[in-house]
Amino acid sequence: MGQKVELACIIDDDKIYVNLVKKIIEIKKLSKNLLIFKNGKEALDHFKLILENATEDVLPDIIFLDINMPVMDGWEFLNEFIKIKNNFEKKITLYVVSSSIDPRDLERAKSFNLVTDYLIKPIELKKFEKIFDRNGHAAA
Amino acid sequence: MLNDLQLNSILEDFDIAYWKINLLNKEVTWSEHFNTLIGNPEFSESHFDFFLKEILHQDYRYDFRVYFDKLTEENEAFSIELKLKLNNGKYRWFECRNLKNKENNRETAVLLFVNIHQSKRDQYTIEENFFYYRETAQMTNTGGWYIDTVNKNIYWDNVTKKIIDCPLDYQPPYEEHFKFYAPEEHPTVISAFEKCEKYGIPFKVELKMRNLYHKDFWVRATGKPVYNEEQEIIGIRGVFQDINEQKVNELNLQNSLDIIATQNSRLFNFAHIVSHDLRSHSSNLCLIVELLKDAKTNKDKIELIPNVTDISENLDSAINQLNEIVNKQSILRKERRIVSFEKALSGVIASTSSLINRENAKIVAEFHALKEISYIPEYLESILLNLITNAIKYKHPGRKPVIYIQTYIKNETPFLEVSDNGLGIDLDQYGDKMFGMYKTFHENLDSRGIGLFITKNQVEALGGSISVTSTVDVGTTFKIKF
């Protein structure tokens, strides 16, 4: 079984969670490569760099974005990312992932067009596979 | 000269009736008009007796008899206001007085009865209105004033003087009358008076005034232009209503309402944060259970175990942290005491000496303007502790941390300021989140993002407020208004 997507990206400050997701992706061979950022700012800097160097081939197919992070949280990242996103030709699927069950967070996430869905942690293994499946085909 | 008939008709036209009194036998006869007024009655007793019994209101019988006797016996003039029952059965006011008696006429006297009912009623109405005005003015603390803009004079009535708390013989200075308004109100007052004086625009405003002893209080003020016959504005007339009590209550109420609203929203926030915090660990736990179930070999399973350890440790510390917040909040039940800033600070310095020494931090305190305050001692220490450790944690890498702590009183309100020379923070970007829970702006490992949240809570729980000013790379100042 081949990899479902080329490059996945996780923006999250919870190291344990990131480790576990990494493990799942490895075991289930969901993605060939994985980009990990521990807050919104690091991720944004990275994407801006890609834009400057015009190296779109290293853009992820799929992003999992946490909300509560130090320095730059998920919302701030989304607001910045909107501004540069249209410069990329590649289709990027973005999921907001949080352990918050606050309905206000859900509403807010849905108000962004570029957010495909709001996922509440924990995400089951099967759900992970489904998400990668769907986006893998779309990207292929 | 007029004859009796002509005289009669004139008196009748003026609604004046009269008596003729024979001074020798004290017999009374009355004019036709008088007879008509009282309804042409038939009676058997004498005119005088009938008058006393049936026509004159009982309240005046005694007085009238005394005057009558004096007139008939000593020829003494009199004038009395009394009520007579007329033909319609109702009492009306009359003025009764004797016609100036000529010295030589010792035989007859003339008593005139002039209808004064209308003017008497007007007088009552005026008195009544004046009574209502005075009572209303006193009860509502409303005083009148007049500014004569032509002769440059100011008039205050007694209630206004009472409101301004000045002696009754105080003459307000025309040129300086703005000193009776709080400085922050001057633009409003000047513009209102100017517009009224120049263009005749009336005003109705709520203002903070300042009495003779520099104490501020709230009034509602109205002013209207006064015109002369040429329709030129010659002054401004208006009233002040002392609404200090209501206004202070209103402001207190609004303040309490704001505190309750923010506390409520924080509580709501707190509940979500608790659920979020605990959920992030429990969801990791769920994830690991799934991975364990899915693991093919024992080696894979054993590799996952350290993660379980991490999660349980994190969960434990998260619960401790939440517990810490709840504990600090519940100190509210404790009482205020007089706390010395110096003592509170030395306590804090002693408990953080290792951090202060390690970072070589310098703390300068200036408490001479305000040495102590009535506060919950644990709160004051906690506030100082949080602000000091905050300043040291976010020190500038290029210099030793210096923390300047100062207390002072401004506008009768005590303040505490804690300034540092640290990293500073971009308030445009983070200002509104500064005091939120778990908001950390720097990637320091020991930043937990609850210190300022707690500090704000403590300050607000005791009715104060906290604000922050900061410049990146220069430093930050926290200002607490107690």
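Residues numbered from 1 in each chain as written. Chains lettered and ligands numbered in written order. Predicted model: local features only at pLDDT ≥ 70, side-chain atom pairs only at ≥ 80, totals over all residues. Heavy atoms only, no water.

### Observations regarding the overall build of chain B
Helix and strand counts for chain B stand at 14 helices and 17 strands. Compactness check: chain B gives a C-alpha radius of gyration of 44 Å against a globular reference of 23 Å for 482 residues, more than 25% above the reference. By its C-alpha atoms, chain B is 145 × 55 × 45 Å across when sized along the principal axes. The buried share of chain B, reckoned over its 482 residues, is 40%. With the model as given, the accessible surface of chain B reaches about 28,100 Å², and the carbon-plus-sulfur share is 51%. (Helix = DSSP H or I, 4+ residues; strand = E, 2+ residues; numbered from the N terminus. Rg over C-alpha atoms; globule rule 2.2 N^0.38 Å. Buried < 20%, exposed > 50% of the residue type's maximum accessible area, 1.4 Å probe, protein only. Areas by Shrake-Rupley, 256 points an atom, 1.4 Å probe, with all protein chains shown as cover.)

### Quick notes on the overall build of chain A
Helix and strand counts for chain A stand at five helices and five strands. The N-to-C order of helical and strand elements in chain A reads β-α-β-α-β-α-β-α-β-α. Taking the principal axes of the C-alpha coordinates as reference, chain A spans close to 40 × 35 × 25 Å. Relative to its full complement of 140 residues, chain A shows a buried share of 52%. Within chain A, contacts between residues at least 6 apart in sequence are counted, and of these 73% link residues at least 24 apart. (Contact = heavy atoms within 4.5 Å.)

### Focus on the UniProt feature "domain: PAC" (unreviewed entry) in chain B
Taking the numbering used here, the UniProt-annotated feature "domain: PAC" (unreviewed entry) corresponds to residues 203–255 of chain B. Within residues 203–255 of chain B, the helical portion is 23% and the strand portion 57%, while the C-alpha atoms at the span's ends are 28 Å from each other. (UniProt positions renumbered as here; feature names shortened; annotations may be inferred.)

### Concerning the sheet that holds strand β17 (residues 475–481) of chain B
Residue and element names in this part refer to chain B. Spatially, β12-β14-β15-β17-β16 is the arrangement adopted by the five strands of the open sheet, whose pairing is mixed. Looking at strand neighbours, the two that pair on one side only are β12 (362–366) and β16 (465–471), the edges of this open sheet. Each adjacent strand pair in this sheet contributes to an overall mean axis angle of 15°, direction not counted. The pairing of strand β15 (residues 413–420) with β17 spans five bridges and is antiparallel. Counted as the bridge partner of glutamate 417 is lysine 479 from β17. (Pairing = 2+ DSSP bridges. Axes fitted to C-alpha atoms, helices over the stretch in contact; angles between N-to-C directions.)

### Considerations on the confidence of the model for chain A
The predicted model of chain A has a mean per-residue pLDDT of 84, with 93% of residues at 70 or higher. Highest mean pLDDT in chain A belongs to strand β3 (residues 62–65) of chain A (92); lowest belongs to helix α5 (residues 125–139) of chain A (74). (pLDDT = per-residue confidence, 0-100.)

### A closer look at the pairing of strand β6 (residues 142–148) of chain B
Regular strands place side chains that alternate from one sheet face to the opposite one. Residue and element names in this part refer to chain B. Judged by how many residues are buried, β6 sits mostly within the fold: seven of seven residues are covered. The alternating pattern of β6 places Thr142, Gly144, Tyr146 and Asp148 on one face and Gly143, Trp145 and Ile147 on the opposite face, and all of these are buried. Direction of pairing for β6 relative to strand β10 (residues 233–242): antiparallel, over a ladder of seven bridges. By the bridge assignment, glycine 144 is partnered in β10 with valine 239. Two elements, β6 and strand β7 (residues 153–156), share four bridges in a ladder whose sense is antiparallel. Looking across to β7, one finds that tryptophan 145 is bridged to tryptophan 156. Hairpin connection from β6 to β7: four residues lie between these consecutive antiparallel strands, with lysine 152 at a positive phi of about 55°.

### Structural notes on the interface of chain A and chain B
Every contact between the two is made by 31 residues of chain A and, on the other side, 29 residues of chain B. For the interface between chain A and chain B, the tally reads one salt bridge. B:Asp294 serves as the salt-bridge partner of A:Lys28, at 2.8 Å between the closest nitrogen and oxygen. On the surface where chain A and chain B come into contact, there are five residue pairs in polar contact (both at pLDDT 80 or more). Sorting the residues of the side of chain A that touches chain B by element identifies α1 (15–28) and α4 (103–110) of chain A as the ones contributing at least two each. (Salt bridge = Lys/Arg side-chain N within 4 Å of Asp/Glu carboxyl O. Polar contact = N/O pair within 3.5 Å; in protein donor to acceptor, adjacent residues only side chain to side chain.)

### As for the pattern of salt bridges
Residue and element names in this part refer to chain B. By the definition in use, this model includes 22 salt bridges over all chains. Salt-bridge contacts for lysine 179 lead to glutamate 176; the nearest nitrogen and oxygen are separated by 4.0 Å. Overall, lysine 179 belongs to the partly exposed group, its relative accessible area being 40%. Each of Glu206, Arg220, Lys247 and Glu250 takes part in one network of salt bridges that share partners.

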